[in-house]
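# Report on the structure
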Amino acid sequence: MAPDQTTAAPVPLLSVRDLHVRFPTERGTVNAVNGVSFDLYEGKTLAIVGESGSGKSVTAKTLMNLLPRSALVSGDVTYAGQDVRALAAAGTKHFFGVQMTMVFQDPMTSLNPVKRVGEQIAETLRYHLGRSRSAALEEAEDLLDAVGMPEPARRVMQYPHELSGGLRQRVVIAMALACQPRLLIADEPTTAVDVTVQKHLLDLLDELRRDRGMAMILITHDLGVAHGRADDVAVMYAGRIVETADARTLFVDMRHPYTEALLRSIPRIDDPVHHRLDPIPGRPPELISPPDACAFAPRCLYAQADCLDGVPELSGLVGLHRFACLHPTGTERGVAAATANRAAGVTVAGLPLTGDPGGAG
Amino acid sequence: MSGDGRPSRKGRASRQRLLRRFRVFRLVRSSKGPEPDGPGENEAVRRRLGVGFWLAVVWLVVMAFIALFAPMLPFADPTKVGYSGPREPPSAGAWFGTDALGRDVFSRTMHGARISLAVGGFAIVFGMVVGGALGILAGYFRGRLDQAVGFTFFVLLSFPALVLAILITATLERSLLVVSLTIGILAVAPVGLLARASTLVYAEREFVAAARVLGARNGRIIVRELLPNVVIPMGALTLLGMAVAVVAEGSLAFLGLSVAGDEAISWGKMIVDGAGLRDLQNATHVAMFPVAVMFVTVLALNFAGDRIRQYFDVKELAF
Amino acid sequence: MARFFIRRLVLLVAVLFAVTFLGFSAMNFLGDPLFNVVGLMAELDCEAIEAGSAEDPSLDRARSDCETVAEARATYHLDRPVPVRYLLWVGDMFTGDFGTSFQNDQPVAEIIREKLPETLILLIMAQIVSLGVAIPWGVVAAYRANRAFDRGSTVASFGLLSIPNFALGVVLLYLLSLRWQIFPSAYESDSVVGLVFSMVLPAATLGLPLAASYQRLLRTDLITTLQEDFVHMARAKGLPPMRIMFRHALRPSLFSVVTVFGVSTGAMIGGSLVVEQIFGIPGIGREIVTAVVRDDFPVVLAIVMLVACTFVIINFVVDLFYSWLDPRVRAR
């Protein structure tokens, strides 16, 4: 168990402790989330970063009680002192959608195709806030205006298929913001829209968040998206947080080889032209009966024999810079491991090292 | 942070096993072969037919056997009037009792399987041959032929099935052949649509293109390359189609429009014979035994058919 | 939308043409058309009879029969070439002239007008039963997918789909009306209440198997829809499950049911022939069966045409109904 010794800081808005999610399937149990803990404070943004299959989306869905009934969940999720899972189980009205809400990845599918967008926004207002139909529709128009939708009066009467992806995502955001939630979970909000509007949408979300003093969990596979928008970053791999820190520390002083690899795999504005990007070799691991070892070891340039002896624990205390690695990059142990592996031409987990992978510097 | 991630000291052997596992894993991902130490039996779980399927098959085989050899089996004469008293309840002598004319209901029920299964079987074979041929040709050659065939199917489906059957049986003699053909015609359009759809899928595949590149003629491509692939989904739906055909024949017989004559015993005819209010009140067995046997037979056809459909992973059709 | 509508309309006309032509062919090419409209009188050798002695009283009957035959030739345009005959025949039908029943000399149009209401009431009640049962059934089964209720309902629907209409009718008649005497066993038309009440069993006979198939389709589609992002979105909006089910998930899940609704109307019309027989309802189903048995071809053909054309038009309307269900169809 992670020792919970948070200091005299204010009470977090959302506190997650030792969250486990497993899905029984025909092929065996999928361990999607394996003991995730984090705190999120009022008005802050936490970015959860990881490849697909890392458990970041499952974590988000668990928070929103959106998992299929078959999922086995354990651990504590506390929102402003309330047990969220108990609230969900009791069917508490006006909690989800009012206190916390979520924006999904694909605006093409997250809007009901057979209802006008105005109606879909108004529905939340009518159900949670008891607005009349006409008042709710007017408010929907204002909301669309607030998220930068051109010609909102015309848009409320349109169907989702009449809007472009970027506009649809604005509708989704307007819908999520309707009841002034204190916490917004954005699950890859820009992955499915055109590159040209991604930045607009992200900036819009950031701006709305600041204006409304909302807290946000930004889920993304792209560390670049988190950069400059998140207060804290948690990097997930194979259902675990492998490194977490405040954004500044994480970007300049990362410890986990996976974080490093992620950073190296995205283009940066200050890279020289034609700079070679380094994709991460291999694939994310299978989550059914995972080996009792560091899940990243087979793809890690630093992997040593002890990496295969059990899962490394996350160091340090909640709220501090924590990482789960025995040979952290940027430390002596890490440099030694990388040097040894390069000399051998292959890591202990069997990953061949061809050419210069960039080393630890 | 996690409770189950305690580091443990393990020996070389276990480390070797882990290493092997990583490599095996990579191999599996690339070759998509069976996973040696993983749960590989899930395929088998989905592909098993189950006890229910075999029960259904046993019933169907028994019924088919009875239908084929009924005249040679030691049943009472099904047409003999006054075999014993009229409307007698089931007894050791007449297992299903006797009907209003004192005929043996058990023997008649068993003989009834003959027409039902013959018509059902013929109809689906006819539907598969004619509908299948039309569907494959339409799907392979496309163009005008496809439009004409498609339109014909559409028109055939525009008649409520029983109404089309009535239109045909009303104008022709109601012999076994005519009734079978009538119901066979009903089967042409649904089967043909399925054949056309699967042909469209396979005609795009590489092996057909390859055959064409190698200079195979159309006839050869259709027979050698397409037919074997299209027959599988069609065959998988045979039993389901047969269930529909058996019910259709029963409905015609119930209306007195199936095969004519006293010798032509049919379940539908027996049920309508026993469905008069007086018979139903006082001699329930006359109608209920054929109802039960027919129900179980159709259920067996549907159940076995549905299992086969799942086994071959064919989509359901709306008849 | 306009193009979609026009394309459909063209298809509708073409199918109506083909359907009527098929019926016309059945009358004209399967067997002797004259026999089909006047029965055995067609065998008379009218020329010989005309040539026979005018005084011979034994030929009086034959002479009047020959007049009937000549009349029929004129009525059904039997002396005209086939294409003309077809067009004239279709024209007659459009003006409500379906010919005359040669069993009782009653105009067929009149017979249909008399019998149609009963059949319509039966069919409408049967659809009400099927949808009224299937929608709640499908919703609950999908909401509790793979739980005990759902498993049980799969078995139940399999059984319902395997029992032929006529068998189900006989069983329901026996149990609910003879054994437990809840519903009347015969058709009543004394009062509206009595009529509706006596139609419950026939409607259930037609509607229950259909409810089973609707239920299965609806359940499958609902389970798929419930995994869609927009349903997750609705849950994230904090809406209660039943509101999500009915306001968000149900409508996009109705496609298969609507598709099958058209087709099943055909099965239901077929089934109504049988059901009217069992429960003694004087509708067109009973009429056509009687007519077939008596070789009363004008009646058979008229009813077949009426039913087939209605069926085609129903399917046309169902097609249009799609565009209400899913606005995206209109764009195509």
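Residues numbered from 1 in each chain as written. Chains lettered and ligands numbered in written order. Predicted model: local features only at pLDDT ≥ 70, side-chain atom pairs only at ≥ 80, totals over all residues. Heavy atoms only, no water.

### Focus on unusual backbone geometry
Residues and elements named next belong to chain A. Residue Asn65 is not a glycine yet carries a positive backbone phi of 60°. Residue classification places Asn65 among the partly exposed residues on the basis of a relative accessible area of 34%. We note that His94 has phi near 60°; this positive angle belongs to a residue other than glycine. Checked against the element boundaries, His94 lands in the loop between helix 2 (84-89) and strand 6 (100-103). (Buried < 20%, exposed > 50% of the residue type's maximum accessible area, 1.4 Å probe, protein only. Helix = DSSP H or I, 4+ residues; strand = E, 2+ residues; numbered from the N terminus.)

### A short note on the interface of chain B and chain C
Accessible area lost upon the coming together of the parts serves often as the stated size of an interface. Taken residue by residue, the interface counts 41 residues in chain B and 47 residues in chain C. Between chain B and chain C, a total of about 3,700 Å² is buried, with carbon and sulfur atoms accounting for 84% of that surface. Linking chain B to chain C there are zero salt bridges. For the interface between chain B and chain C, the tally reads one residue pair in polar contact (both at pLDDT 80 or more). Top contributing element to the side of chain B that touches chain C by residue count: helix 13 (residues 284-311) of chain B, with eleven residues. (Contact = heavy atoms within 4.5 Å. Buried area = accessible area lost by both parts, 1.4 Å probe. Salt bridge = Lys/Arg side-chain N within 4 Å of Asp/Glu carboxyl O. Polar contact = N/O pair within 3.5 Å; in protein donor to acceptor, adjacent residues only side chain to side chain.)

### Focus: the domain arrangement of chain A
Residues and elements named next belong to chain A. Domain parsing of chain A yields domain 1 (12-99 + 183-291) and domain 2 (107-180). Using only C-alpha atoms to locate each centre, domain 1 and domain 2 end up separated by 26 Å. In this complex, domain 1 contributes 17 residues to the contact, which on the side of domain 2 involves 15 residues. Surface buried jointly by domain 1 and domain 2 totals about 1,400 Å² across both partners, of which 67% is contributed by carbon and sulfur atoms. Where domain 1 packs against domain 2, one counts zero salt bridges. The tally of links between domain 1 and domain 2 comes to three residue pairs in polar contact (both at pLDDT 80 or more). If you tally residues by element for the side of domain 1 that touches domain 2, the top one is helix 7 (residues 195-212), at seven residues. Split into classes, the residues belonging to the side of domain 1 that touches domain 2 amount to twelve nonpolar, three polar and two charged. (Domains from an automatic or database assignment. Nonpolar A, V, L, I, M, F, W, Y, C, P; charged D, E, K, R; others polar.)

### Looking at the packing of helix 10 (residues 238-254) of chain B against helix 11 (residues 267-274) of chain B
Residue and element names in this part refer to chain B. Their axes nearest at 7 Å, the elements helix 10 and helix 11 cross at an angle of 40°. On the basis of the axis angle, helix 10 is oblique to helix 11. The interaxial crossing formed by helix 10 with helix 11 has right-handed handedness. Within the contact between the two elements, helix 10 uses Gly250, Ala253 and Phe254 and helix 11 uses Gly268, Lys269, Ile271 and Val272. For the contact of helix 10 with helix 11, the class distribution of residues is four nonpolar, two polar and one charged. (Axes fitted to C-alpha atoms, helices over the stretch in contact; angles between N-to-C directions. Parallel < 35°, antiparallel > 145°, perpendicular 65-115°, else oblique. Left-handed = near helix turned anticlockwise from the far one by under 90°.)

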